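Summary of structural features
Here's the letter readout for the chains.
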Amino acid sequence: MREITYRQALNEALAEELERDPNVFLMGEEVAEYNGAYKVSQGLLDRFGPRRIIDTPISENGFAGLGVGAAMVGLRPIIEFMTFSFSLVAFDQVVNNAPNMLTMSGGQFNIPITFRGPNGPAHQLGATHSHATECLYANAPGLKVCTPATPRDAKGLLKTAVRDNNPVLVLEAELLYSSKGMVEPPDEELLIPLGQAEVKREGSDVSIICYAQTVPLALAAAQQLEEEDISAEIVDLRSIKPLDEKAIFDSVAKTHRVVIVEQDRPFCGVGAEVCYRIQKNVFDELDAPIMRVSQEDVPMPYNEKLEKAVLPNMDKLMAAVKKVCYV
Amino acid sequence: MLPEQRDEVEMLALMLLIRRFEERASQQYQAQKIGGFCHLYIGQEAVVCGAVAATRHDDYIITAYRDHAHALARGTSPEACMAELFGKETGCSRGLGGSMHFFDRQNHMYGGHAIVGAHVPLATGLAFACKYRNEDRVTLCFFGDGAINQGAFHEALNLAALYKLPVVFICENNLFAMGTSVKRSTSLKQIVDRAEGYDIPGEIVDGMNFREVRDKLAEITTSIRKESHPAFVEARTYRYRGHSMSDPASYRTKEELEKYRLDDPITRLRAQLTREGKLTNEQFDQLDKRAKKIALDSVKFAEESPDPPLEKLYNYTYANGATESGRPRPVEPAQERREAAPSPEKAKP
């Protein structure tokens with residue numbers, strides 16, 4: 001194991017998959033000559049050439065659709081959205097074409113495509129550039145959605161996504177690109193299955209279910225809670241769809257109290273689904289109503305203080321935990 | 001040199017088959033055997049038949065929702081097409097696609113797409129894959145005059161021109177996008193001028209004339225196979241029926257319809273062949289009789305076919321037949337219909 005950044009981990013995953021399979025190519029805005037808007041594709045043009053690392057004009061609908069078409073005949077495109085906020089321009093391709101094709105064609109055309117890029121609110125980018133799109137995409141049958149929170153998960157999930165025979169969205173955490181973590185050495189194949197959550201910290205009093213940018217927040221909260229004699233278990237979903245129900249239910253059965261901390265919005269957000277499944281399947285395990293901490297239900301304001309107030313934060317999370325623990 | 005051209009009498013028979021098939025479909029729709037939307041191609045047959053006659057079977061075809069003829073022209077069996085309209089398991093999309101979503105991998109028919117303009121980027125992707133693999137296939141992308149004002153169309157044309165992709169964009173201009181005439185929807189004197197905006201060579205063809213469509217397409221695809229580039233064809237044609245079965249087409253005059261009927265693509269090719277001594281009236285009647293029988297038989301086949309079983313409802317949501325929660329489903333027979341994946345050696349990195 002060695003310590004690398006989330007950005008480097010993604011870069012390694014891309015390079016390894018491009019190296020392994022000649023059907024894989026990377027396409028998107030500024031991915032080649034500019035080396036990536038967030039430098040995730042740094043050096044890939046030099047290494048793999050312009051046939052496989054392809055710059056596009058600002059035409060998300062066009063190049064997302066190009067990827068879907070190429071995938072129909074067996075290529076394995078990796079389509080980068082400069083941010084998933086821009087994927088909304090290509091919503092029709094991602095939601096209507098990619099995941100529907102297999103059913104509409106009676107099983108003849110699967111779409112082995114990866115859509116990836118930063119997702120979720122970053123820092124003072126305003127309403128149009130701060131979307132957390134996981135709940136939108138998880139709603140479409142046929143799509144898979146993962147949300148890595150650590151460099152190791154970023155590498156392992158992206159590599160798995162590229163090899164999957166379905167459309168997979170790798171929603172990278174924009175604020176975590178420079179974060180560091182331990183990852184297996186490059187000569188060791190790292191594949192993390194989709195649909196497998198990970199307990200990032202063991203605990204016994206309360207389960208904090210989180211993903212992507214809320215994972216570091218939950219881990220920090222757990223440390224503070226420890227000082228107050230509350231032992232929090234941190235369950236990182238890693239994949240939103242498929243959802244690892246077993247990991248969630250196991251943790252609930254252990255702690256009997258649940259707080260879901262999500263980076264998206266409250267109405268029809270990821271937490272609403274998780275909450276429903278917990279009460280439906282392990283209702284008897286619960287000692288308190290489930291709490292959710294999410295964004296406020298408003299378009300993201302630019303002002304820094306207001307933005308902080310909209311996002312899930314330590315105060316809100318601590319308050320929710322204390323509420324379910326009745327302290 | 002033009003590619004080997006298919007026998008014209010054979011192509012006339014194909015046009016007749018498409019016509020009779022669609023007449024049957026219309027009748028079955030009215031009898032409520034066919035659900036959803038149903039868009040008929042009657043009147044436009046020379047466009048897809050001309051294009052198919054000029055190209056190879058392994059060239060890719062993709063089209064919009066008025067797609068029955070494109071599948072039939074590509075060799076999808078009339079039985080599988082009618083069964084799809086009936087929503088039966090024996091349909092070309094196993095009864096899961098319906099009228100607007102005909103697919104046939106074996107015959108390189110890549111749909112059947114119902115969101116106007118949304119498949120034009122897919123066509124660039126098919127063409128991209130051909131170029132990526134250094135194949136000399138051409139992609140034929142059909143769409144209507146309504147698609148040319150969609151963003152997806154414009155983005156796709158720009159990408160195709162930028163990457164010099166081997167794709168022919170074929171606009172089947174039947175003068176109406178549902179009930180809106182081209183004059184009321186498009187800020188151009190002629191649709192072909194859209195191509196010029198992307199530096200793509202464009203041509204106008206008489207879409208009621210099989211030979212003209214075929215010869216133009218042969219010329220274009222020969223050029224593309226020599227050196228990859230996109231091309232644009234505006235095929236001027238006319239649909240005799242409304243936009244869909246529920247549309248009485250009251251926005252058009254009887255006179256206009258009659259004018260086009262006099263120029264019918266089947267009558268025209270028949271007259272050409274008769275004049276040249278290549279077809280007798282008896283032979284034509286035989287061809288027509290046969291087309292009618294095939295169409296009728298396809299209805300019988302569709303009626304007798306089973307519905308897709310409820311137990312397979314989740315089979316096609318994910319490629320491995322698994323559900324969202326990862327539970328494996330029974331083995332999917334659709335796999336047998338798939339072509340072997342292209343071998344990696346074919347790709348030239």
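Calculation criteria
Residues numbered from 1 in each chain as written. Chains lettered and ligands numbered in written order. Predicted model: local features only at pLDDT ≥ 70, side-chain atom pairs only at ≥ 80, totals over all residues. Pairing = 2+ DSSP bridges. Helix = DSSP H or I, 4+ residues; strand = E, 2+ residues; numbered from the N terminus. Axes fitted to C-alpha atoms, helices over the stretch in contact; angles between N-to-C directions. Parallel < 35°, antiparallel > 145°, perpendicular 65-115°, else oblique. Left-handed = near helix turned anticlockwise from the far one by under 90°. Contact = placed C-beta atoms within 7 Å. Nonpolar A, V, L, I, M, F, W, Y, C, P; charged D, E, K, R; others polar. Domains from an automatic or database assignment. Buried ≥ 20, exposed ≤ 12 C-beta atoms within 10 Å, placed from the backbone. Core = buried A, V, L, I, M, F, W, Y, C linked by C-beta atoms within 7 Å.

Residues and elements named next belong to chain B. Across the sheet, six strands lie side by side as β2-β1-β3-β4-β8-β7; this open sheet has parallel pairing. For this open sheet the edge positions go to β2 (109-112) and β7 (202-206), each flanked by a neighbour on one side alone. Sheet twist, expressed as the mean angle between neighbouring strand axes with direction ignored, is 15°. Sheet topology places β7 next to strand β8 (residues 231-236); five bridges connect them, and they run parallel. Across the sheet, residue Gly202 finds its bridge partner in β8, namely Phe232.

Here the focus is the sheet that holds strand β11 (residues 232-236) of chain A. All names here are of chain A. One open sheet holds the five strands; their spatial order is β9-β11-β10-β13-β14, and the pairing between them is mixed. The open sheet is flanked by β9 (198-201) and β14 (291-293), the only strands paired with a single partner. Across this sheet, the average inter-strand angle for adjacent strands is 25°, counted without regard to direction. Sheet topology note: the strand β13 (residues 258-261)/β14 ladder contains three bridges and is parallel.

Relative orientation and spacing of two packed helices are given, respectively, by the angle between their axes and the distance between those axes. Residue and element names in this part refer to chain B. Interhelical geometry of helix α1 (residues 8-30) versus helix α12 (residues 281-304) gives an angle of 40° and a closest axis separation of 8 Å. Considered as vectors, α1 and α12 are oriented oblique to each other. By crossing handedness, the relation of α1 to α12 is classed as right-handed. Taking contact as the criterion, the partners of Leu12, Ala13, Leu16, Leu17, Arg20, Phe21, Arg24 and Gln28 in α1 are, on α12, Leu287, Asp288, Ala291, Lys292, Ile294, Ala295, Leu296, Ser298 and Val299. When the residues that make up the contact of α1 with α12 are grouped by side-chain class, the tally is eleven nonpolar, two polar and four charged.

Residue and element names in this part refer to chain A. Domain annotation of chain A identifies domain 1 (2-183) and domain 2 (198-324). Placing the centre of domain 1 and that of domain 2 at their C-alpha centroids yields a distance of 26 Å. Counting only elements with at least two residues in the side of domain 1 that touches domain 2, the list comes to α6 (134-138), β6 (144-146), α7 (151-163) and β7 (168-173). Among the residues forming the side of domain 1 that touches domain 2, the class breakdown is 15 nonpolar, five polar and three charged.

All right, on to the packing of helix α8 (residues 214-227) of chain A against helix α12 (residues 314-324) of chain A then. Residue and element names in this part refer to chain A. It is at 10 Å that the axes of α8 and α12 come closest, and there the two elements cross at 55°. What the angle tells us is that α8 and α12 run oblique. Every pair of crossing elements has a handedness; the one defined by α8 and α12 is right-handed. Here Leu217, Ala218, Ala220, Ala221, Gln224 and Leu225 of α8 come into contact with α12, specifically with Met314, Leu317, Met318 and Val321. Partitioning the contact of α8 with α12 into residue classes produces nine nonpolar, one polar and no charged.

Let's shift gears to the interface of chain A and chain B. Accessible area lost when the parts come together is the quantity often used to give the size of an interface. Contacts between the two partners involve 38 residues from chain A and, on the opposite side, 45 residues from chain B. Residue assignment for the side of chain A that touches chain B shows that the elements contributing at least two residues are α3 (60-72), α4 (91-97) and α5 (101-104) of chain A. Among the elements that line the side of chain A that touches chain B, the one with the most residues is α3(A), at ten residues. Looking at the side of chain A that touches chain B residue by residue, the classes come out as 14 nonpolar, 21 polar and three charged.

Below, the discussion takes up unusual backbone geometry. In this model, A:Lys241 is joined to A:Pro242 through a cis peptide bond whose omega is 0°. Relative to the helices and strands, A:Pro242 resides in the loop between β12 (239-241) and α9 (245-255). Cis geometry is found at the peptide bond from B:Gly111 to B:Gly112, where omega equals 25°. Counting through the fold element by element, B:Gly112 comes out in strand β2. Even without a glycine there, the phi angle at A:Asn35 is positive, about 70°. Its place among the elements puts A:Asn35 in the loop between β2 (24-28) and α2 (44-48). The backbone of A:Arg238 sits at a positive phi, close to 60°, despite the residue not being glycine. As for its placement among the helices and strands, A:Arg238 is situated in the loop between β11 and β12.

Below, the discussion takes up the environment of B:Phe143. Residue and element names in this part refer to chain B. On the secondary structure map, Phe143 appears in strand β3 (residues 139-144). Residue Phe143 is classed as buried on the basis of its C-beta count, with 28 C-beta atoms lying within 10 Å. Once the C-alpha coordinates of Phe143 and Val116 are considered, the two residues, 27 residues apart in sequence, prove to be 8.1 Å apart. Once residues lying within four places of it in the same chain are set aside, the contact partners of Phe143 are Ala64, Gly117, Val120 and Cys171.

A few words now on the nonpolar core. One recurring pattern in soluble globular proteins is that nonpolar side chains are buried together. Of all hydrophobic cores here, the largest spans 203 residues; its most connected members are A:Ile208, A:Val259, A:Val321, B:Leu126, B:Cys141 and B:Val168. Looking at this core element by element, the count peaks at ten residues for α1(B). Looking at which domains feed residues into this core, each of domain 1 (2-183) and domain 2 (198-324) of chain A supplies at least three. Excluding residues that lie within four positions of it along the chain, A:Val321 makes contacts with A:Val206, A:Ile208, A:Ala221, A:Leu225, A:Ile230, A:Ala232 and A:Val259.

With that out of the way, let us pick up the environment of A:Asp315. Residues and elements named next belong to chain A. Position of Asp315 among the secondary structure elements: in helix α12. Assessed through the 12 C-beta atoms surrounding it within 10 Å, Asp315 is described here as exposed. Put simply, Asp315 and Ala221 are 94 residues apart on the chain and 9.1 Å apart in space, counted from C-alpha to C-alpha.

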